[in-house]
Amino acid sequence: MSFPGKIAVMGGGSWATALARLLLDNEDDIIWYIHRDDRIEEFKRRRRNPAYLTGVVFDTSRIEFTSDINYAASQADTLLLAMPSPYFKEQIDRITTDISSKAVVSAIKGIVAEDQMIITDYMETHFGINTGRSLVVSGPCHAEEVAMGHRSYLTVGCNDIVRAEQFAHALAGPQLKTITSSDVVGIEYAAVLKNVYAICAGIVHGLRGGDNFQAMVVSNAVMEMQRFLMRVSPRQRNISDSVYLGDLLVTSYSRFSRNHNFGTMLGRGHSVRAARMEMVQTVEGYYAARCMHEINKRYGVAMPIMEGIYRILYHDVTPSDAIAEMSELFI
């Protein structure tokens, strides 16, 4: 069987739902792991995800639903990971079947907080998924707009560029364009960092800092991201590519951006705890800030924006003070 073979979507949230819709435009059928049986039963009855992107209707006869993660892992050739990063370890560590010969595609724009590892590193360390079978999917794509059929672009990364092209073909459609890359590490870390920077952009918005200053935040965030990526994975890359700059921009400005909306609440005076309680979906940047702070202890990269957001979220520094301090270092 040619790659990607039978695909299992692992996760039941909005991004998993958007990706499943894309796959079913090209694949005959998929396996879909959703950990709650009640959600699966309602999904089958209504032909739509009862909790996320509820306007998207599916042909459920082409979906094999399961709440057994080991069944999904054993029956699929390719696992598409699309659960929020805070719940990733709890769910993925339930896999006891040997998946070392499978391909794994991470669409998780987050990090394994407990281990301070990007997803592909975790899958290699704990499940033996080598770099040739480890892929990432990222880019400036909010699940809501993908579901609405808006023109969008995704980048598929893999050290084996042929595999990247093959999986890109499984996602591509009239309104979804795909790009391929071999920069797996850079793509993963960029997807983590842009969530932290989007919180900063939201804070500036909430503080009524103005468009001029918000542009300075984002432009300095791009440079900060580039410094870090070159330290952890030195190679030729164009930071202006959509998977880096494009994803940062959409996450920093879009009304669909949870991280931006979370930051806006902080800028308007909400406490971190109150803002988190108001958010229905996972704010990846909240977890990413602490992880990146710890990871950067190994690298020592100058990252005033990331460190400023970390101090706001975990050390009760006021947003206005942190923003003022980091802005003194802007260029």
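Above this text you will find the structure in question.
Reading the values: the criteria
Residues numbered from 1 in each chain as written. Predicted model: local features only at pLDDT ≥ 70, side-chain atom pairs only at ≥ 80, totals over all residues. Heavy atoms only, no water. Axes fitted to C-alpha atoms, helices over the stretch in contact; angles between N-to-C directions. Helix = DSSP H or I, 4+ residues; strand = E, 2+ residues; numbered from the N terminus. Parallel < 35°, antiparallel > 145°, perpendicular 65-115°, else oblique. Left-handed = near helix turned anticlockwise from the far one by under 90°. Contact = heavy atoms within 4.5 Å. Nonpolar A, V, L, I, M, F, W, Y, C, P; charged D, E, K, R; others polar. Pairing = 2+ DSSP bridges. Core = buried A, V, L, I, M, F, W, Y, C linked by side-chain atoms within 4.5 Å. Buried < 20%, exposed > 50% of the residue type's maximum accessible area, 1.4 Å probe, protein only. Salt bridge = Lys/Arg side-chain N within 4 Å of Asp/Glu carboxyl O. Right-handed = clockwise from strand over helix to strand, strands pointing away. Expected span 1.5 Å × (residues − 1).

Before going further, it helps to examine the packing of helix 14 (residues 304–314) against helix 15 (residues 319–327). Where helix 14 meets helix 15, the axes come as close as 9 Å, and the angle between the chain directions of the two elements is 165°. Taken together, the axis directions place helix 14 and helix 15 in an arrangement best described as roughly antiparallel. Regarding helix 14 and helix 15, the two cross each other, and that crossing is right-handed. Counting all contacts with helix 14, which are made through Pro 304, Ile 305, Gly 308, Ile 309, Arg 311 and Ile 312, the residues of helix 15 involved are Pro 319, Ala 322, Glu 325 and Met 326. Residue composition of the contact of helix 14 with helix 15, grouped by class: 7 nonpolar, 1 polar and 2 charged.

Spatial ordering of the open sheet is given by 3-2-1-4-5-6-7-8, a layout of 8 strands whose pairing is mixed. Each end of this open sheet is capped by a strand with a single partner; those strands are strand 3 (63–66) and strand 8 (176–181). Neighbouring strand axes in the sheet, compared pairwise and without regard to direction, differ in orientation by 20° on average. For strand 1 (residues 7–10) and strand 4 (residues 78–81), the ladder comprises 4 bridges, and the chain directions are parallel. Bridged to Ala 8 within strand 4 is Leu 79. Strands strand 4, strand 5 (103–106) and strand 6 (134–138) of the sheet are contacted by helix 5 (residues 119–127), whose axis makes an angle of about 160° with strand 6.

The next subject is the packing of helix 8 (residues 184–206) against helix 14. To describe two helices that pack against each other, one gives the angle between their axes and the distance between the axes. The contact between helix 8 and helix 14 brings their axes to 10 Å, and the two run at 70°. In terms of orientation, helix 8 lies roughly perpendicular with respect to helix 14. Only Ile 305, Met 306, Ile 309, Ile 312 and Leu 313 of helix 14 make contact with helix 8, whose side of the interface consists of Leu 193, Val 196, Tyr 197, Ile 199, Cys 200 and Ile 203. Considered class by class, the residues forming the contact of helix 8 with helix 14 number 11 nonpolar, no polar and no charged.

What follows is about the nonpolar core. Most often, soluble globular proteins keep nonpolar side chains buried together rather than apart. Phe 228, Phe 262 and Leu 313 are the most contacted members of the largest nonpolar core, which totals 54 residues. Looking at this core, the elements with two or more residues in it are helix 8, helix 9 (211–232), helix 10 (242–253), helix 11 (258–267), helix 12 (272–278), helix 13 (284–296), helix 14 and helix 15. Looking at this core element by element, the count peaks at 12 residues for helix 8. If you look at the next biggest cluster of nonpolar residues, it comprises 40 residues, including Phe 3, Leu 19, Leu 24 and Ile 30.

Turning next to the pattern of salt bridges. One pass over the full model with this rule turns up 16 salt bridges. Glu 42 is the salt-bridge partner of Arg 45, the closest N and O atoms lying 3.9 Å from each other. Remark: Glu 42 and Arg 45 occur in helix 2 (residues 37–46); sequence separation between them is 3 residues, near one turn of the helix. Residue Glu 90 is joined to Arg 94 by a salt bridge in which the shortest nitrogen-to-oxygen separation is 3.3 Å. On the basis of relative accessibility, which here comes to 40%, the residue Arg 94 falls in the partly exposed class.

Two faces make up the sheet, and in a regular strand the side chains alternate between them. Where strand 7 (residues 152–158) lies against strand 8, 6 bridges are found, and the strand directions are parallel. Across the sheet, residue Ser 152 finds its bridge partner in strand 8, namely Leu 176. Handedness of the strand 7-helix 7 (residues 161–171)-strand 8 crossover: right-handed.

A few words now on the environment of Val 105. Within the secondary structure layout, Val 105 lies in strand 5. Distance from Val 105 to Phe 167, taken between C-alpha atoms, is 9.0 Å for residues 62 residues apart in sequence. Those residues in contact with Val 105, other than ones at most four positions away along the chain, are Thr 78, Leu 79, Leu 80, Leu 81, Leu 135, Val 137 and Phe 167.

A word on helix 8. Given a rise of 1.5 Å per residue, 23 residues ought to cover 33 Å, and the 34 Å separating the end C-alpha atoms of helix 8 matches this to within 8%. Counting buried positions over the 23 residues of helix 8 gives 21, a clear majority of the element. With its phi angle positive at about 60°, Arg 208 sits one or two positions after the end of helix 8.

Another point: unusual backbone geometry. Note the cis peptide between Phe 3 and Pro 4, where omega equals 10°. Checked against the element boundaries, Pro 4 lands in the segment before strand 1. A positive phi angle, close to 65°, is found at Arg 47, a residue other than glycine. Mapped onto the secondary structure, Arg 47 falls in the loop between helix 2 and strand 3.

Once that is clear, we can look at the pairing of strand 3. Strand direction decides the pairing type here: strand 2 (residues 30–33) and strand 3, joined by 4 bridges, are parallel. Bridge pairing in strand 3 links Ile 30 to Ile 63. Between the parallel elements strand 2 and strand 3, the chain passes through helix 2 in a crossover that is right-handed.

Moving on, we get to the environment of Arg 273. The residue Arg 273 is located in helix 12 in this model. Given the relative accessible area of 62%, Arg 273 is considered exposed. Spatially, the C-alpha atoms of Arg 273 and Leu 313 are 9.2 Å apart, while their sequence positions differ by 40 residues.

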